[in-house]
Amino acid sequence: FRRVLFRSPEKPQTGNPIHLPEQNDILVFHAGTDEKEGNFISSGGRVAVITAVRNTIEEAQKDVYQYLQSVSLSEHFFYRNDIGAKAIQYKKTTV
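Nothing here was measured: the structure is a model prediction, and the numbers come from that model. (Residues numbered from 1 in each chain as written. Predicted model: local features only at pLDDT ≥ 70, side-chain atom pairs only at ≥ 80, totals over all residues. Heavy atoms only, no water.)

Notes on the nonpolar core
Piece 1. Core analysis: the largest hydrophobic core is formed by 16 residues, its most contacted members being Leu20, Ile50, Tyr67 and Leu68.
Piece 2. Of all the secondary structure elements, the ones that give two or more residues to this core are strand S6 (46-52) and helix H1 (57-70).
Piece 3. Per-element tally for this core: the top contributor is H1, with five residues. (Core = buried A, V, L, I, M, F, W, Y, C linked by side-chain atoms within 4.5 Å. Buried < 20%, exposed > 50% of the residue type's maximum accessible area, 1.4 Å probe, protein only. Helix = DSSP H or I, 4+ residues; strand = E, 2+ residues; numbered from the N terminus.)

Re the sheet that holds strand S5 (residues 39-42)
Piece 1. Taken in spatial order, the three strands line up as S2-S5-S4 in an open sheet, and their pairing is antiparallel. The open sheet has two edge strands with one neighbour each: strand S2 (17-18) and strand S4 (33-36).
Piece 2. In the sheet, S2 pairs with S5 via two bridges, with the strands oriented antiparallel. Each residue of the ladder has a partner; that of Pro17, found in S5, is Ile41. (Pairing = 2+ DSSP bridges.)

Thoughts on the packing of H1 against helix H2 (residues 85-94)
Piece 1. It is the contact of H1 with H2, at a shortest axis distance of 10 Å, that shows an interaxial angle of 155°. Compared by their axis directions, H1 and H2 come out roughly antiparallel. Here H1 runs over H2; the crossing is left-handed. Between H1 and H2, the contacting residues are Ile57, Glu58 and Gln61 on the first element and Ala85, Ala87, Ile88 and Lys91 on the second.
Piece 2. By residue class, the composition of the contact of H1 with H2 is four nonpolar, one polar and two charged. (Axes fitted to C-alpha atoms, helices over the stretch in contact; angles between N-to-C directions. Parallel < 35°, antiparallel > 145°, perpendicular 65-115°, else oblique. Left-handed = near helix turned anticlockwise from the far one by under 90°. Contact = heavy atoms within 4.5 Å. Nonpolar A, V, L, I, M, F, W, Y, C, P; charged D, E, K, R; others polar.)

Right, here's the structure in full:
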């Protein structure tokens, strides 16, 4: 499986809208979120963790990043683009 955390950059900002659509094969773990009028908003620095369980690290990494690219994250949010890269590189060098 592969997880990617997205967060507010530097000083956490609260009250920013977050649209994280449900997808059967993607798990979203809310951390710094709150609900206001039926919508999610940020309430802290570490906003959510997006997780995919797949047969390979490469598949999980690809699917998590595709999900994140499909959601509308404003400039108020940040996530790293290299999560899983070391594990994939290690796997290639040990085979």
